[in-house]
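# Summary of the model geometry
Here is what each chain is made of, one letter per residue.
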Amino acid sequence: MELLLSAFEQQIRAQSRRERLPMTCTFELTPTCNLRCHFCYVALDPYKGPYLTTQQVFAVLDKLERAGVLWLTLTGGEVLSRRDFPEIYLYARKKGFLVTVFTNATMMTERIAELFREQPPFSVEVSIYGADAEHYEGVTGIKGSFPRFVRGIDLLQGAGVSLLLKHPTSSITADHVGAIHEWCETRGIVHKFAATIENRHDGGQQPSLYRIAPRAVRGLKDELHLAMTGQQRTMPLPECNMGGAADGVERLYQCGAGRVAFFVDANGRASHCVLDREPSFALTEMEWDDVWEQMGAWVDQPLPKEAPCSGCSLRSGCMNCPARARMASGSPYLKDTYYCDVTHAEHGLEPAQHPDYRTYPRPLGACTV
Amino acid sequence: MARFVRSADVVARRIAGELVLVPIATRTDDAERRTANFYVLNGTGEFLWDRLASPADIDALVSAVTQHFAISAGEALGDVERFLAELADCGAIDTVERT
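Computed from a predicted model, the values in this text were never measured in an experiment. (Residues numbered from 1 in each chain as written. Chains lettered and ligands numbered in written order. Predicted model: local features only at pLDDT ≥ 70, side-chain atom pairs only at ≥ 80, totals over all residues. Heavy atoms only, no water.)

Let's shift gears to the overall build of chain A. Of regular secondary structure, chain A possesses eleven helices and ten strands. Relative to the 2.2 N^0.38 estimate, which gives 21 Å for 369 residues, the radius of gyration of chain A is 21 Å and therefore close to what a compact globule would have. The principal-axis extents of the C-alpha atoms in chain A amount to approximately 55 × 50 × 50 Å. Residue burial in chain A is summarised as follows: out of 369 residues, 54% are buried. In chain A, once contacts between residues fewer than 6 apart in sequence are set aside, the share between residues at least 24 apart is 71%. Of note, chain A has its 38 positive side-chain charges centred 2 Å away from the centre of its 43 negative side-chain charges. (Helix = DSSP H or I, 4+ residues; strand = E, 2+ residues; numbered from the N terminus. Rg over C-alpha atoms; globule rule 2.2 N^0.38 Å. Buried < 20%, exposed > 50% of the residue type's maximum accessible area, 1.4 Å probe, protein only. Contact = heavy atoms within 4.5 Å. Lys, Arg positive; Asp, Glu negative; His and termini not counted. Charge placed at Lys NZ, Arg CZ, Asp CG, Glu CD.)

Written out as structure tokens, the structure reads:
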């Protein structure tokens, strides 16, 4: 008789990818937020309440548990703007999810910090928009939000949580990343940078106004890599080694969306991706197996041969994806030319020539022109 | 003799066909990759885990194992002791003293 009791994370991650098992869910408890970041991807206009009640959230969590989800992220909006956050958090934890909380930390209280100290989350991730009030509040648009952020970080560190700070680098803070790195280092907090800004999930283009130029993205990544590791960044880049599909078919989706990961919004609608929310399914009304089957059919579709990215040798390492394409052009089959240009710049290539994909005709385009 | 029972600090989840023990107080050691430490039980482990739903002493667990599996009492005792020690290490069981 052998009594096996061993860590098996690697095994389960590989198995879930191979067998298409839902391991990871991002659950947006509310889209509302106390900050007004200029480039937030969350669109409130088409996404009105009433949002899920506490009991409805519990029912969704019950369904996620039965589906076999292990890694659960609670996000917003700002999750702490929900008064029932402690109840939801404790319920999720008792269900046996590994609960990560995304927050901006500005609404952290002694009570929540005590809750996290007594009942620790798996991890907490916080966006850092600047290392001083000028930059931070220049992004958030809310005067006084920087000291509240600092207090929140103090509370989280005092509670001993596993903490990650994330900085979305925009044109507002492109010259400020060194100060942010230093701020995190001084406090001994693990941190990372995203060099690109997403459009709004409803296709709103305002966030793109705050993107840094594609060629500057490469320079910024080089600078950050040097600051974080003390070493020059070299090719090939890690993100260029994602590999293609095992069966040789070029799929529309190359990531884990709808394969090992999915998203649930504050109305209880499930979709394959936090950014790309169509098709979506009413998780509160449908059986999980039906949701997962239909989601799978969507993400497993091949990339049309006529699609502009079909056959591109850079595609497997390109940050353009159906979600970003849809947000920029209205169609998942086209592209967000910004990411195409970023990828070309990463490889030292001239940018490709792009038609206006927002007016691209059907069947690939969303436009009827 | 001490008895053992499942800890409320661990949740058993059926994940990808396996019975996984998830310590609910677990924190990731790698905030960026969100790696986790949790445990999977094989068939025999599951058998014993079922019996730990209510307090049980080693003799009772060994007896249950020898009745259910083709194994000697001596072998079963070693396995059960090792299993309980591993469960204790990951905080999955509590010890209940007889009153």
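The discussion continues.
On to the side chain of histidine 135 of chain A, then. Checked against the element boundaries, histidine 135 of chain A lands in helix α5 (residues 133–140). Sequence-distant contacts of histidine 135 of chain A, defined by excluding residues within four places in its chain, comprise Tyr129, Gly130, Ile172, Thr173, Asp175 and His176 of chain A.

Residue and element names in this part refer to chain A. A rise of 1.5 Å per residue sets the reference length of helix α8 (residues 214–229), with its 16 residues, at 22 Å; its end C-alpha atoms lie 23 Å apart and thus fit the reference within 8%. Among all positions of α8, only Val217, Leu220, Lys221 and Leu224 are buried. The buried residues of α8 occupy one face: seen down the axis, they fall within an arc of 105°. Turning to α8, the residues buried within the fold contact α7 (177–187), β7 (190–194) and α11 (337–346). Two residues or fewer past α8, glycine 230 is found with a positive phi of approximately 75°. (Expected span 1.5 Å × (residues − 1). Arc of directions from axis to C-beta.)

Here the focus is the sheet that holds strand β6 (residues 93–96) of chain B. All names here are of chain B. Spatial strand order, β5-β1-β6: three strands in an open sheet with antiparallel pairing. A single partner strand is all that each edge strand has here, and the edge strands are β5 (56–57) and β6. As judged from the four bridges shared by strand β1 (residues 3–6) and β6, these two strands associate in the antiparallel manner. Its bridge partner lying in β6, arginine 3 is registered against valine 96. (Pairing = 2+ DSSP bridges.)

Next up on the list: the side chain of aspartate 57 of chain B. All names here are of chain B. By the element assignment, aspartate 57 lies in strand β5. A relative accessible area of 11% places aspartate 57 in the buried class. One polar contact links the side chain of aspartate 57 to the main-chain amide nitrogen of aspartate 59, over a distance of 3.2 Å. (Polar contact = N/O pair within 3.5 Å; in protein donor to acceptor, adjacent residues only side chain to side chain.)

Before going further, it helps to examine a negative patch on the surface. Where like charges cluster on the molecular surface, the negative patch consists of Glu287, Asp289, Asp290 and Glu293 of chain A. Counting through the fold element by element, aspartate 289 of chain A comes out in helix α9 (residues 288–299). (Patch = residues over 30% accessible without salt bridge, like charges linked within 9 Å, V, L, I, M, F, W, Y side chains within 5 Å. Areas by Shrake-Rupley, 256 points an atom, 1.4 Å probe, with all protein chains shown as cover. Salt bridge = Lys/Arg side-chain N within 4 Å of Asp/Glu carboxyl O.)

Let's shift gears to helix α2 (residues 54–67) of chain A. In this model, α2 of chain A (14 residues) spans 20 Å end to end at C-alpha, consistent with the 20 Å of a helix rising 1.5 Å per residue. When α2 of chain A is considered as a whole, its buried residues turn out to be Thr54, Val57, Phe58, Val60, Leu61, Asp62, Lys63, Leu64 and Ala67 of chain A. Turning to α2 of chain A, the residues buried within the fold contact β2 (24–28), β3 (71–75), α3 (85–94), β8 (261–264) and α9 of chain A together with β2 (10–15) of chain B. Immediately beyond the C-terminal end of α2 of chain A, within one or two residues, lies glycine 68 of chain A, with a positive phi of roughly 95°.

With that out of the way, let us pick up the interface of chain A and chain B. Residue-level contacts link 43 residues of chain A with 35 residues of chain B. Overall, the association of chain A and chain B removes approximately 3400 Å² of surface from exposure, summing both partners, and the carbon and sulfur fraction of that is 61%. Viewed at the interface, chain B and chain A are joined by one salt bridge. The closest approach of N and O atoms between arginine 34 of chain B and glutamate 125 of chain A, which form a salt bridge, is 3.0 Å. At the boundary of chain A with chain B, the tally comes to twelve residue pairs in polar contact (both at pLDDT 80 or more). Sorting elements by how many residues they give to the side of chain A that touches chain B places helix α1 (residues 9–19) of chain A first, with six residues. (Buried area = accessible area lost by both parts, 1.4 Å probe.)

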